[in-house]
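Chains, contacts and geometry: an overview
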Amino acid sequence: MDKPVIYLETGSLDPYYNLAFEEYVLRCRKEGDYLLLWQNDRTVVIGQNQNAEEEINRAFVEEHQINVVRRITGGGAVYHDLGNLNYSFITDAAGSGRFSSDRFMQPVVKAMQALGLQAEASGRNDLLVEGRKVSGTAQRIFKERILHHGTLLFDSDLAMVSGALRVDPQKFRSKSTKSVRSRIGNIRDFLPEDMSLPEFWTFLKPYLAENGMVTGALKPDEESAVKALKRDKYDRWSWNFGSSPQYDLTNKRFWSGGCLEVCLSVAGGNIQEIAFYGDFLAVQPLDEIAAALRGCQFQRESVAWVLDRFPVKAYFGGIRKKEILDTMFYSAKPA
């Protein structure tokens, strides 16, 4: 990017809108170099090729009302909150180093070093300060354009990061892209002199826009297109969860009515096979419920709707409907 960049802000903290905004600029602003700086409210952002269920701690995510959204770039799952700042570069792919993040990461490294931090790019897509990961990046090529975006952990709640992304790997078996967990840190903790996130945001701009910056905005019809993309893609369960690769899941819970183990296979977000095991005192075989659940979306509300069609006590003894759902979706502590 050797000319002034067009600087855009989304004006939103909604992750579904922000990712739609970013994708729209990539696909529809076909000329010019763009820099976006933006924030999401509490959100887990899943890589394009990841199994969402395998990456999130569903109980924690639901308890803390954390959004879950899938992005159009690869890589691992990341946590965003208002202590995190996201940046996006969008430019022509030609001559940009199609498989290298270095040209986009170096302005960020220089900005960190200008703040007195021992910052360095590491591996394919990480930025480290004193050995701690403070940024992860990913890229996407669309026709002749390239998107490079990254996170900057400035003052995030690290307990929320570890809670939202902590999943037992023994529960899942799939070929999806797995996140590699690294030791993370907040940029603010390493600063020789403290600054606020708004000050950090302002400080970054001239470094990321090395050749100058022109502030731009979307036109009303473009904003309408972004809202439509949000509605038709990013708001939808089929994109955020249904796009997950095929996987198998096993989970076991102990309840006052007995032990319940659920084993299931999911493809395209729908249950393909499911089996229930345990020592609960059932008086009806579970074949009918298993058959009814095949083809059902692997979503708590959809499974609950199927279970409502059956006298649960006859099939699961003293294990209640809520406990069956909690076993499948890890969404509550035992009652």
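Anyway, here's the lowdown on the structure attached to this text.

A few words on the overall build of the chain. Secondary structure summary: the chain contains 13 helices and 15 strands in total. Principal-axis analysis of the C-alpha atoms places the extent of the chain at approximately 75 × 45 × 30 Å. Summarising the internal contacts of the chain: among those between residues at least 6 apart in sequence, 72% fall at separations of at least 24. With 42 positive and 43 negative side-chain charges, the chain shows a spacing of 4 Å between the two charge centroids.

For the pair helix 11 (residues 300-307) and helix 13 (residues 321-329), interaxial distance at closest approach is 11 Å and the crossing angle is 145°. Crossing geometry of helix 11 relative to helix 13 is assigned as right-handed. On the side of helix 11, the interface is formed by Arg300, Val303, Ala304 and Leu307, while helix 13 contributes Lys321, Lys322, Ile324, Leu325, Asp326, Met328 and Phe329. Counted by class, the contact of helix 11 with helix 13 contains seven nonpolar, no polar and four charged residues.

Looking now at the nonpolar core. By size, the foremost hydrophobic cluster in this structure holds 33 residues, and its most contacted members are Met112, Leu127, Ile187 and Phe200. Going through the elements one at a time, strand 1 (5-8), strand 2 (34-38), strand 6 (84-92), helix 4 (102-114), strand 8 (126-129), strand 10 (145-153), helix 6 (187-190) and helix 7 (197-208) are the ones with two or more residues in this core. In terms of residues, this core owes the most to one element, helix 4, which gives six residues. Counting residues in each nonpolar core, the second largest holds 31 residues, with Tyr247, Phe280, Val303 and Phe316 among its members.

Tracing the backbone shows His149 in strand 10. Classification of His149 as buried rests on a relative accessible area of 7%. In sequence terms His149 and Glu120 are 29 residues apart; their C-alpha atoms lie 17 Å from each other. Leaving out residues up to four positions away in the same chain, His149 has contacts with Glu22, Arg71, Thr73, Tyr87, Ser88, Gly136, Thr137 and Ala138. At a separation of 2.8 Å, a polar atom in the side chain of His149 contacts the side chain of Glu22.

Overall, the coordinates contain ten aromatic pairs when judged by the stated rule. Each residue in the set Tyr87, Phe89 and Phe104 is aromatic and connected to the rest through ring pairs, giving one cluster.

For helix 4, built from 13 residues, the straight-helix expectation of 18 Å at 1.5 Å per residue is met to within 8% by its first-to-last C-alpha distance of 18 Å. All buried positions along helix 4 are accounted for by Phe104, Met105, Pro107, Val108, Val109, Ala111 and Met112. Gly116 occupies a position one or two residues after helix 4 and carries a positive phi of about 90°.

Turning our attention to the sheet that holds strand 2. An order of 7-8-9-10-6-2-1-12 is seen for the eight strands of this open sheet, with the pairing classed as mixed. With one partner strand each, in any of the chains shown, strand 7 (119-122) and strand 12 (213-215) form the two edges of the open sheet. Ignoring which end each strand starts from, the neighbouring axes of this sheet average 25° apart. Pairing between strand 9 (residues 132-142) and strand 10: six bridges, direction antiparallel. Looking at strand 10, one finds that Phe142 is bridged to Arg145. Helix 7 contacts strand 1, strand 2, strand 6, strand 10 and strand 12 of the sheet and is inclined by roughly 20° relative to strand 6.

Let us now look at the side chain of Thr91. Residue position: Thr91 is located in strand 6. By relative accessible area, Thr91 is classed as buried at 4%. At 2.5 Å, the side chain of Thr91 and the side chain of Asp33 are in polar contact.

Burial within strand 2 is extensive, with five of its five residues counted as buried. Here strand 2 shows no split at all, with Tyr34, Leu36 and Trp38 on one side and Leu35 and Leu37 on the other all buried. Taken together, the three bridges between strand 1 and strand 2 define a ladder with parallel strand orientation. Within strand 2, the position partnered with Leu8 by the bridge is Leu36.

Parameters at a glance
- Residues numbered from 1 in each chain as written.
- Predicted model: local features only at pLDDT ≥ 70, side-chain atom pairs only at ≥ 80, totals over all residues.
- Heavy atoms only, no water.
- Helix = DSSP H or I, 4+ residues; strand = E, 2+ residues; numbered from the N terminus.
- Contact = heavy atoms within 4.5 Å.
- Lys, Arg positive; Asp, Glu negative; His and termini not counted.
- Charge placed at Lys NZ, Arg CZ, Asp CG, Glu CD.
- Axes fitted to C-alpha atoms, helices over the stretch in contact; angles between N-to-C directions.
- Left-handed = near helix turned anticlockwise from the far one by under 90°.
- Nonpolar A, V, L, I, M, F, W, Y, C, P; charged D, E, K, R; others polar.
- Core = buried A, V, L, I, M, F, W, Y, C linked by side-chain atoms within 4.5 Å.
- Buried < 20%, exposed > 50% of the residue type's maximum accessible area, 1.4 Å probe, protein only.
- Polar contact = N/O pair within 3.5 Å; in protein donor to acceptor, adjacent residues only side chain to side chain.
- Phe/Tyr/Trp six-rings, centres within 6.5 Å; stacked < 30°, edge-to-face > 60°.
- Expected span 1.5 Å × (residues − 1).
- Pairing = 2+ DSSP bridges.

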